[in-house]
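What the coordinates show
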Amino acid sequence: MGFRNKLSDFSYGDKRPIPRGRLENANWFTTTYLLIDTYGEEGALDVTIEVFNLLGLMGPANDLQERRAQSAKPKKTHDKRLTGSAAGFLRKRKQTPEDLIVYSLEDLRESDFKRFKNKLSDFSYEDKHPIPRARLENADWITTKKFLVDTYGEEGALDVTIKVFTLIGLMGPANDLQERRAQN
């Protein structure tokens, strides 16, 4: 069960879960702001850590706890609103091309991810051959991102991801990825 599915079933304090319909097609950015809007900045961190733990994602849960502890340490800063907050952490962190690809693939429904991999195995880009279908068949989104970057380089992998999204009619993810790419 994915993070957003588990999140839609998770109650925190006196707050009700975020409705499944609001999370179903939400990308990581929208999910973050739904969390903050629903639970507040500190509550959003608590909920995220708890959901990671429930999913058995101890590494990400521990990483987030460590980052939270580090950001809570007093620092010299001109904008105290950004110190120690979830929103501040997200604003400070620049996304790499690999991050952008992973977040885009992670946000796809399973059926759309299968369609993406199927089209990707038939897609040629510049002088590169397609990634073989057999390599993609059982690949998760992290492995698929690795194949994309290894085959096309970081910027080429972003181009290919956007073009394949467009070819299979996933204009929302294509536009989201283009916007995030422009911001980073």
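Note that the structure is a prediction, hence the values are computed from the model and not measured.

Some remarks on the side chain of K145
Mapped onto the fold, K145 is located in helix α9 (residues 141-167). On the basis of relative accessibility, which here comes to 12%, the residue K145 falls in the buried class. Here K145 is in contact with E98, I101, V102 and L105, once residues within four sequence places are set aside.

Some thoughts on the side chain of S104
With respect to the helices, strands and loops of the structure, S104 is situated in helix α6 (residues 97-106). Among the polar contacts made by the side chain of S104, one reaches the side chain of R180 at a distance of 3.4 Å. Beyond its immediate chain neighbours, meaning those up to four positions away, S104 contacts F165, L177 and R180.

Concerning the environment of L177
Tracing the backbone shows L177 in helix α10 (residues 171-183). Distance in space between the C-alpha atoms of L177 and L100 is 6.8 Å, their sequence separation being 77 residues.

Notes on α10
Residues three or four positions apart in an α-helix share a direction because the helix packs 3.6 residues into each turn. Look at α10: 18 Å from first C-alpha to last across 13 residues, which is about the 18 Å you get at 1.5 Å a residue. Listed in full, the buried residues belonging to α10 are A174, L177 and R180. The arc that holds the buried residues of α10, viewed along the axis, is 135 degrees, so those residues lie on one side. Every exposed residue of α10 that faces more than 90 degrees away from the buried side is listed here: A182 and Q183. In this structure, the buried residues of α10 make contact with α3 (28-54), α6 and α9.

So, the nonpolar core
One finds L105, F116, L120, L148, V160 and F165 to be the most contacted residues of the largest nonpolar core, which totals 26 residues. Among the elements of the structure, α6, α7 (110-120), α9 and α10 are those that each provide at least two residues to this core. In this view, L148 contacts I101, L105, F116, L120, I131, G153, A157, V160 and T161; residues no more than four positions away in its chain are not counted. One finds F3, L7, A44 and L64 within the second-largest nonpolar core, a separate group that totals 17 residues.

Structural notes on the confidence of the model for the protein chain
Taken residue by residue, the protein chain gives an average pLDDT of 83. The fraction at 70 or more is 88%. For residues 75-92, every residue scores under 50 in pLDDT, and the model assigns this stretch 21 contacts once sequence neighbours within four places are set aside.

A word on the packing of aromatic side chains
Geometry of an aromatic ring pair is reported as the spacing of the ring centres plus the angle between the planes. The tally for this structure, following the rule as stated, stands at 6 aromatic pairs. Geometrically, the ring pair formed by F116 and F165 is tilted, given 5.2 Å between the ring centres and 55 degrees between the ring planes. Of this pair, F116 sits in helix α7 while F165 is found in helix α9, placing the two residues 49 residues apart along the sequence. Each member of the pair F116 and F165 is classed as buried. Seen from their ring centres, Y125 and Y152 are 5.7 Å apart, and the 90 degrees between their planes marks the pair as edge-to-face. Of this pair, Y125 sits in the loop between α7 and α8 (133-136) while Y152 is found in helix α9, placing the two residues 27 residues apart along the sequence. The class of Y125 is buried, set by a relative accessible area of 10%. Taken together, W28, F29 and Y103 form an aromatic cluster joined through their ring pairs.

Rules and cut-offs
- Residues numbered from 1 in each chain as written.
- Predicted model: local features only at pLDDT ≥ 70, side-chain atom pairs only at ≥ 80, totals over all residues.
- Heavy atoms only, no water.
- Helix = DSSP H or I, 4+ residues; strand = E, 2+ residues; numbered from the N terminus.
- Buried < 20%, exposed > 50% of the residue type's maximum accessible area, 1.4 Å probe, protein only.
- Contact = heavy atoms within 4.5 Å.
- Polar contact = N/O pair within 3.5 Å; in protein donor to acceptor, adjacent residues only side chain to side chain.
- Expected span 1.5 Å × (residues − 1).
- Arc of directions from axis to C-beta.
- Core = buried A, V, L, I, M, F, W, Y, C linked by side-chain atoms within 4.5 Å.
- pLDDT = per-residue confidence, 0-100.
- Phe/Tyr/Trp six-rings, centres within 6.5 Å; stacked < 30°, edge-to-face > 60°.

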